[in-house]
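Each chain, written out:
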Amino acid sequence: GAVVSQHPSRVICKSGTSVKIECRSLDFQATTMFWYRQFPKQSLMLMATSNEGSKATYEQGVEKDKFLINHASLTLSTLTVTSAHPEDSSFYICSASKGTGELFFGEGSRLTVL
Amino acid sequence: GENVEQHPSTLSVQEGDSAVIKCTYSDSASNYFPWYKQELGKRPQLIIDIRSNVGEKKDQRIAVTLNKTAKHFSLHITETQPEDSAVYFCAASTGGTSYDKVIFGPGTSLSVIP
C-alpha cells in the first residue's frame, strides 16, 4: 500500500496565530513530499517541494517565511502557517511519491482563520 | 516552468455516454502524465497515467491518449455512470520519479446525469 495521513483535517484559528499541519507516509519512506494549496473549485497549486534533511524548495510567489516546511524524517513533513491571516484560509494538502511518479495524497487540512 | 491547460472546465453528459477531457502542456521535457479524480472534500485519487513512450493506455472504461508532438493528452471515459461525477485533473511531470514535481491543470467538473 501507500498511505499518507495528514492532520489535523480541520483547524480554526485566530488571526496572528500559527498553525502546524503534519503529513506522514505510514507504510513507505518518502524522500520527497509536496505541499499543495487548493481554493474552492480550483486546482491544486504547488507550494513547495520538501526533501528529507534539506531545505524545502518553494514555488514562485510562495512566501517561505510565511509557510515553514520541515521534513525531519523519511515519513514526516510539516507545514507551519505563521502569523495566519484570513487570506490564508484554504485547503492544504500534502502528497508523497514512492519513486514511480504517482503521488499519494493526504486527506487534506481545511484551515479557517478568523 | 510547466503550464498545463485543461478543457472543458465543466462537462455534463447523460449516463451511458462518453466523456472526453483534453489537456495541453508547455514543457517538452515532460514525460509523465497522470490523471486524478477528486470527489468533493476528498483527496485526489490517481485513475490512470501514461508515460511518453506510450501513445495510448486503457483501463476498463478509462483510456488516455498522448500526442507528444502536439503536446496534448486526453482522457476518455466510456459508458459513464453517476459515480463518475467528480472533478478530474490532468497533470504533467518531467521525470516521473520521487523528485520531480507534478503540475496540475485547472480541472474539469464532470456531471453524469442519470
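Now for a look at the structure at hand.

Calculation notes
- Residues numbered from 1 in each chain as written.
- Chains lettered and ligands numbered in written order.
- Predicted model: local features only at pLDDT ≥ 70, side-chain atom pairs only at ≥ 80, totals over all residues.
- Heavy atoms only, no water.
- Helix = DSSP H or I, 4+ residues; strand = E, 2+ residues; numbered from the N terminus.
- Rg over C-alpha atoms; globule rule 2.2 N^0.38 Å.
- Buried < 20%, exposed > 50% of the residue type's maximum accessible area, 1.4 Å probe, protein only.
- Contact = heavy atoms within 4.5 Å.
- Lys, Arg positive; Asp, Glu negative; His and termini not counted.
- Charge placed at Lys NZ, Arg CZ, Asp CG, Glu CD.
- Disulfide = S-S within 2.5 Å.
- Pairing = 2+ DSSP bridges.
- Axes fitted to C-alpha atoms, helices over the stretch in contact; angles between N-to-C directions.
- Core = buried A, V, L, I, M, F, W, Y, C linked by side-chain atoms within 4.5 Å.

What follows deals with the overall build of chain A. Helix and strand counts for chain A stand at 0 helices and 11 strands. Mapped from its N terminus to its C terminus, chain A presents α and β elements in the order β-β-β-β-β-β-β-β-β-β-β. Radius of gyration (C-alpha) of chain A: 13 Å, near the 13 Å computed for a compact globule of 114 residues. With the C-alpha coordinates aligned to their principal axes, the bounding extent of chain A is approximately 40 × 25 × 20 Å. Among the 114 residues that make up chain A, the fraction classed as buried is 54%. Of the contacts made within chain A by residues no fewer than 6 positions apart, 53% connect residues no fewer than 24 positions apart. Where the 11 positive side-chain charges of chain A centre and where its 10 negative ones centre are 5 Å apart.

Here we come to the state of the cysteines. A covalent bond bridging the sulfur atoms of two cysteines is what the word disulfide describes. Applying the stated criterion across every chain yields a total of 2 disulfides over all chains. With a sulfur-sulfur separation of 2.0 Å, A:Cys23 is cross-linked through a disulfide to A:Cys94. Its S-S torsion of about 80 degrees marks the bond between A:Cys23 and A:Cys94 as right-handed, since a negative value means left-handed. You can see A:Cys23 sitting in strand S3 (residues 19-25) and its partner A:Cys94 sitting in strand S9 (residues 90-97), a full 71 residues away along the chain. Residue A:Cys23 is classed as buried on the basis of its relative accessible area, which comes to 0%. A sulfur-sulfur distance of 2.0 Å marks the disulfide that ties B:Cys23 to B:Cys90. Looking down the S-S bond of the B:Cys23 and B:Cys90 bridge, the torsion is -100 degrees, so its handedness is left-handed. Here B:Cys90 lies in strand S9 (residues 86-93) and B:Cys23 lies in strand S3 (residues 19-25), a separation of 67 residues in the sequence. Given the relative accessible area of 1%, B:Cys23 is considered buried. By relative accessible area, B:Cys90 is classed as buried at 0%.

Turning next to the sheet that holds strand S7 (residues 67-73) of chain A. Residue and element names in this part refer to chain A. Read across the sheet, 4 strands follow the order S1-S3-S8-S7 without closing on themselves; strand pairing throughout is antiparallel. Each having just a single partner strand, strand S1 (4-7) and S7 make up the two edges of the open sheet. Direction aside, the axes of adjacent strands within the sheet are offset by 15 degrees on average. In this sheet, strand S8 (residues 76-81) lies alongside S7 in antiparallel orientation, the contact comprising 5 bridges.

All names here are of chain A. With respect to the helices and strands, Thr57 occurs in strand S6 (residues 57-58). When the C-alpha positions of Thr57 and Ser5 are compared, they lie 22 Å apart, and in sequence the two are 52 residues distant. With near-sequence residues (within four places) excluded, Thr57 lies in contact with Met47, Ala48 and Thr49.

Residues and elements named next belong to chain B. Taking strand neighbours across the sheet as the criterion, the 5 strands line up as S1-S3-S8-S7-S6 in an open arrangement whose pairing is antiparallel. Every interior strand has two partners, whereas the edge strands, strand S1 (4-7) and strand S6 (56-59), have only one. Adjacent strand axes in the sheet meet at a mean angle of 15 degrees, parallel and antiparallel pairs treated alike. As defined by bridge partners, S1 adjoins S3 across 4 bridges and the pair is classed as antiparallel. Bridged to Gln6 within S3 is Cys23.

Turning next to the nonpolar core. A:Tyr36, B:Trp35, B:Leu75 and B:Phe104 are the most contacted members of the largest nonpolar core, which has 38 residues in total. A total of 6 residues in this core trace back to one element, the largest contributor, which is S9(B). Setting aside residues up to four positions removed in sequence, A:Tyr36 forms contacts with A:Leu44, A:Met45, A:Leu46, A:Met47, A:Phe91, A:Tyr92, A:Ile93, A:Ser95, A:Leu103, A:Phe105, B:Val102 and B:Phe104. Core analysis: the second largest hydrophobic core is formed by 27 residues, A:Ile21, A:Phe67, A:Ala84 and A:Tyr92 among them.

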